[in-house]
Amino acid sequence: DTEVTQTPKHLVMGMTNKKSLKCEQHMGHRAMYWYKQKAKKPPELMFVYSYEKLSINESVPSRFSPECPNSSLLNLHLHALQPEDSALYLCASSQELGRAFFGQGTRLTVV
Amino acid sequence: DQQVKQNSPSLSVQEGRISILNCDYTNSMFDYFLWYKKYPAEGPTFLISISSIKDKNEDGRFTVFLNKSAKHLSLHIVPSQPGDSAVYFCAASAGFGNEKLTFGTGTRLTIIP
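Residues numbered from 1 in each chain as written. Chains lettered and ligands numbered in written order. Predicted model: local features only at pLDDT ≥ 70, side-chain atom pairs only at ≥ 80, totals over all residues. Heavy atoms only, no water.

**A look at the sheet that holds strand β8 (residues 73-79) of chain A**
Residues and elements named next belong to chain A. Taking strand neighbours across the sheet as the criterion, the four strands line up as β1-β3-β8-β7 in an open arrangement whose pairing is antiparallel. Strands at the two margins of the open sheet, each flanked by one partner only, are β1 (4-7) and β7 (64-70). With strand direction ignored, the average angle separating the axes of adjacent strands in the sheet is 20°. Two elements, β7 and β8, share five bridges in a ladder whose sense is antiparallel. Within β8, the position partnered with Glu-67 by the bridge is Asn-75. (Pairing = 2+ DSSP bridges. Helix = DSSP H or I, 4+ residues; strand = E, 2+ residues; numbered from the N terminus. Axes fitted to C-alpha atoms, helices over the stretch in contact; angles between N-to-C directions.)

Pasting the structure below:
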């Protein structure tokens, strides 16, 4: 199993809603990541979890809250988002340095 | 400040010919480089990587070249196939154990049958 599975694939939410994005991998990878990608831009790192502990937070606003319940799961809790937060949110995992496996992403639209 | 740049937003190549995608970086601390391929509505897929101790790495039709003095790397695809049409991102990381990848701006490659 070399997959990173993200749910949902698409999400539309209002600015007052609370929602969560989910990510799962069963490759035994030690590191899991959240990236954000806007149209025609490169993926931008948001968070890194290493051995289930948050190791990197790229100064992401607190309306994005990551959670790593166990070594296979990674969540991103969303609250009070803005329309400019609309983007493709990518989850990834890796064991080797840099060689990350990406999920298909969640296309998020904030209305 | 874009530390990893791909100056060609798009590239068209005839099927069977060589595709050359270029990438430049500014951070001299980068010592590990990767190429990813991305289809629409999918996540990036790892293609090939190279460590700064090497200047070339080859995997099938894909070869990556690294010129450290010029802070430049390139991806060669030969022969190019229609399924290679996608957006290609180069990425870089700094220091062993550093998990942060910095991505370039991407190049859209179109293979013309």
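**With respect to the packing of aromatic side chains**
Under the definition given, this model contains eleven aromatic pairs over all chains. Aromatic side chains Phe102(A) and Phe103(B) sit 6.1 Å apart centroid to centroid with 75° between the ring planes, which places their arrangement in the edge-to-face category. Note that Phe102(A) is positioned in strand β10 (residues 101-102) and Phe103(B) in strand β10 (residues 102-103), a pairing that runs across two chains. Aromatic side chains Tyr36(B) and Phe103(B) sit 5.7 Å apart centroid to centroid with 50° between the ring planes, which places their arrangement in the tilted category. Of this pair, Tyr36(B) sits in strand β4 (residues 30-38) while Phe103(B) sits in strand β10, and the two are 67 residues apart along the sequence. For Phe103(B), a relative accessible area of 2% gives the class buried. Cluster of aromatic residues (ring-pair linked, three or more members): Tyr33(A), Tyr35(A), Phe102(A), Tyr36(B), Phe46(B), Phe89(B) and Phe103(B). (Phe/Tyr/Trp six-rings, centres within 6.5 Å; stacked < 30°, edge-to-face > 60°. Buried < 20%, exposed > 50% of the residue type's maximum accessible area, 1.4 Å probe, protein only.)

**Topic: unusual backbone geometry**
The step from Thr7(A) to Pro8(A) runs through a cis peptide bond, and the omega angle for that step is -10°. Residue placement: Pro8(A) occurs in the loop between β1 and β2 (10-13). Cis geometry is adopted by the peptide bond preceding Pro79(B), which originates at Val78(B) and carries an omega value of -10°. Of note, Pro79(B) is situated in the loop between β8 (72-77) and β9 (86-94). Positive phi, close to 70°, is recorded for Glu52(A), a residue that is not glycine. Assignment of secondary structure puts Glu52(A) in the loop between β5 (44-50) and β6 (53-57).

**A word on the sheet that holds strand β6 (residues 56-59) of chain B**
Residues and elements named next belong to chain B. Pairing in this open sheet of five strands is antiparallel, and the strands run β1-β3-β8-β7-β6 from one edge to the other. With one partner strand each, in any of the chains shown, β1 (4-5) and β6 form the two edges of the open sheet. Across four bridges, the pairing between β6 and strand β7 (residues 62-67) is antiparallel. Bridge pairing in β7 places Glu-58 opposite Thr-63.

**Focus: the interface of chain B and chain A**
Contacts between chain B and chain A engage 22 residues on the former and 23 residues on the latter. For the chain B and chain A pair, buried surface summed over both sides reaches about 1,700 Å², with 61% attributable to carbon and sulfur atoms. Three residues stand out in chain B for area buried against chain A, namely Glu99(B), Lys100(B) and Phe103(B), and they jointly supply 34% of the buried area on that side. At the boundary of chain B and chain A, one finds one salt bridge. One salt bridge connects Glu58(A) with Lys100(B), and the closest N-O pair in it is separated by 2.8 Å. Where chain B packs against chain A, one counts three residue pairs in polar contact (both at pLDDT 80 or more). Among the secondary structure elements, those contributing two or more residues to the side of chain B that touches chain A are β4 and β9 of chain B. Top element by residues in the side of chain B that touches chain A is β4(B). It accounts for four residues. By residue class, the composition of the side of chain B that touches chain A is ten nonpolar, eight polar and four charged. (Contact = heavy atoms within 4.5 Å. Buried area = accessible area lost by both parts, 1.4 Å probe. Salt bridge = Lys/Arg side-chain N within 4 Å of Asp/Glu carboxyl O. Polar contact = N/O pair within 3.5 Å; in protein donor to acceptor, adjacent residues only side chain to side chain. Nonpolar A, V, L, I, M, F, W, Y, C, P; charged D, E, K, R; others polar.)

**Brief notes about the state of the cysteines**
Note on terminology: a disulfide is the covalent bond linking the sulfur atoms of two cysteines. All told, the structure shown has two disulfides over all chains when counted by the stated rule. Here Cys23(A) engages in a disulfide with Cys91(A); their sulfurs sit 1.8 Å apart. Disulfide Cys23(A)-Cys91(A): the torsion about the S-S bond is -75°, which places it as left-handed. With Cys23(A) in strand β3 (residues 18-25) and Cys91(A) in strand β9 (residues 87-94), the pair connects residues that are 68 residues apart, well separated along the chain. Between Cys23(B) and Cys90(B) runs a disulfide, and the two sulfur atoms are separated by 1.9 Å. An S-S torsion of about 60° defines the bridge between Cys23(B) and Cys90(B) as right-handed. On the criterion of sequence distance, the pair formed by Cys23(B) in strand β3 (residues 19-25) and Cys90(B) in strand β9 is long-range, its members being 67 residues apart. No difference in accessibility class separates Cys23(B) from Cys90(B), as the two residues are buried. (Disulfide = S-S within 2.5 Å.)

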